[in-house]
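Coordinate inspection notes
Okay, here's what each chain looks like letter by letter:
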Amino acid sequence: MKAISNVFMYVFWTLLAIAFIISLYFFGIGGFLKISTIFEGSEVDRHAVILANVLISSDKLSYSDENKIYRGLLDLNKLNRYFVSEGTFDIHPFIIKSNPIIEEFSYPNSEVYISVWDFDAQKSWVLAGNGPSDGKLAGFGSCIFSKIKLDPRTIFRLIAYHGTAALGGKGITFVAEKVKIPVAQSVNLVTQYTWSTRLLAMTGIWDQYDLKECENAVATKSGTTSKSFPVAIRISENEIHLGSLNIQLTEYKL
Amino acid sequence: MKGSSPTLEVFGIVSIILLSIVVLSLVIFPALGELAKFIPVDSAETVARDLSDLITTSSATTDRITITYTPSKSATYNIQIDERIVKSELLNDKKVVTGKGDSKLGINNLQKSFSDVKTFTIQKATEKAEVYENIFSVDAE
């Protein structure tokens, strides 16, 4: 009887020791993930802050006269030239194309979405694109195009989503053209692929898990971050509005 | 026989040893490795990261800026800047590469390469600057 009791006690203590080690493992995993997140996440955060500072100090975006560049004072004319205003944004992929600002200031293997809000006029401008890629992000395009769904249910969803626009715009041809436009443009295929496909995903041609699968297949994400910075927008010589520049940066590993 | 069965004892000890090895190899060693890359101020990874951030940040000047960066009193580096990536190699006393690191650069059109250097000088001046005219240079010695 005593021997049986000892066996039970031993089994109990062994199980307790194993449970303790397993819990250490999970706490350890948590710690490791935290360490990785701190380092990799902080890098993306740092890049977003630097990029935003470079942008608001750039002659391409900020107001400048003959003598100096006014950091943080965005020029309305330059915003209209390089950004897309909210009213015209819609979901047309061809307007999201290679942009001098993103060509000059962007991190490799990254996606960036920049928006500027004018609080006084209740107006906004957006700009989206990719930094130079080593080809991994281009693989995203071929992956996602291999997953196009044009079954009757998707077509129905598509028409429901677009309503008369889809019917009036030649139905499926309308969609096919939207797919072909970014492919046909040779300005920046990576930009065209990733952002246009993401926008087109809203139409239901792809499911969200297809997008996720293709993202994971082509590159390992380092992290995503969003930052906002107060700016002023120079409307005219006598009019300045308050606003913000918001930047969303997603980086993939080299 | 007194106490528990020797088979159980052996099983318990072996299980605990195996689990400990799993914990060490899967969690603790990678975490320490991750930390080891970033803690030293003069490692190749840190220098690549600092250099890329300093160069990109210098673009934010609205007039002119000069940055002198010396990561360590004694360490020297091979640096290659190309395709918006800064690659760094840490050299030891015998000029043998002992560590490598790379980091992303946020600006365009910069290609430089330096061998066995200790100090970096980053200069940027906009077209608006009085003395300089649209300078952007990274030098090392």
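It is worth spelling out the side chain of A:Ser244 at this point. Residues and elements named next belong to chain A. On the secondary structure map, serine 244 appears in strand β7 (residues 239-252). Taking the relative accessible area as the measure of exposure, serine 244 reaches 9% and is therefore buried. A distance of 3.3 Å separates polar atoms of two side chains, one belonging to serine 244 and the other to asparagine 246. In this structure serine 244 touches Ser115, Val116, Trp117, Phe119, Phe229, Pro230 and Val231, once residues within four positions along its chain are discounted.

To continue, consider unusual backbone geometry. Although it is not a glycine, A:Gln122 sits at a positive phi angle of roughly 55°. With respect to the secondary-structure elements, A:Gln122 resides in the loop between β4 (110-118) and β5 (123-130). Given the relative accessible area of 66%, A:Gln122 is considered exposed. In this model, B:Asn109 sits at a positive phi of 55°, which is unusual for a non-glycine residue. Structurally, B:Asn109 can be placed in the loop between β4 (97-104) and β5 (112-117). Residue B:Asn109 is classed as exposed on the basis of its relative accessible area, which comes to 73%.

Glancing now at the environment of B:Asp116. Residue and element names in this part refer to chain B. Summarising the element assignment, aspartate 116 is placed in strand β5. The sequence separation of aspartate 116 and leucine 91 amounts to 25 residues, and the corresponding C-alpha distance is 7.3 Å. Aspartate 116 has contacts with Thr76, Tyr77, Asn78, Leu91 and Lys95, leaving out every residue within four places of it along the chain. Within the local environment of aspartate 116, its side chain forms a polar contact with the side chain of threonine 76, the two groups lying 2.8 Å apart.

This part is about the pattern of salt bridges. As enumerated under the stated definition, the model contains 9 salt bridges over all chains in all. Among the salt bridges present, the one from A:Arg46 reaches B:Asp53, with a minimum N-O distance of 2.4 Å. Placement of A:Arg46 in helix α1 (residues 2-57) and of B:Asp53 in helix α2 (residues 44-58) is noted, with the two residues assigned to different chains. A salt bridge links A:Lys78 to A:Asp59; the shortest N-O distance between them is 3.5 Å. Separated by 19 residues along the polypeptide, A:Lys78 in helix α2 (residues 76-82) and A:Asp59 in the loop between α1 and β1 (62-64) bring together distant segments of the chain. Residue A:Lys78 is classed as buried on the basis of its relative accessible area of 11%.

Glancing now at the confidence of the model for chain A. Residue and element names in this part refer to chain A. Across chain A, pLDDT averages 72, with 58% of residues at or above 70. Averaged pLDDT values over the elements of chain A bottom out at 36 in helix α8 (residues 172-184) and peak at 93 in strand β2 (residues 69-75). Under a pLDDT of 50 for its full length, residues 89-96 has, in the predicted model, 22 contacts with residues more than four places off or in other chains. Across residues 163-193, where pLDDT falls below 50, the model places 56 contacts with residues more than four positions away in sequence or in other chains.

Residues and elements named next belong to chain A. By the criterion of burial, β5 is predominantly enclosed, with 7 of the 8 residues buried. Relative to β5, strand β3 (residues 84-85) is paired through 2 bridges, and the arrangement is antiparallel. Paired with valine 84 across the bridge in β5 is valine 126. Relative to β5, β4 runs antiparallel, the two being bridged by 8 bridges. When the bridges of β5 are listed, isoleucine 114 appears paired with leucine 127.

Cut-offs and rules
Residues numbered from 1 in each chain as written. Chains lettered and ligands numbered in written order. Predicted model: local features only at pLDDT ≥ 70, side-chain atom pairs only at ≥ 80, totals over all residues. Heavy atoms only, no water. Helix = DSSP H or I, 4+ residues; strand = E, 2+ residues; numbered from the N terminus. Buried < 20%, exposed > 50% of the residue type's maximum accessible area, 1.4 Å probe, protein only. Polar contact = N/O pair within 3.5 Å; in protein donor to acceptor, adjacent residues only side chain to side chain. Contact = heavy atoms within 4.5 Å. Salt bridge = Lys/Arg side-chain N within 4 Å of Asp/Glu carboxyl O. pLDDT = per-residue confidence, 0-100. Pairing = 2+ DSSP bridges.

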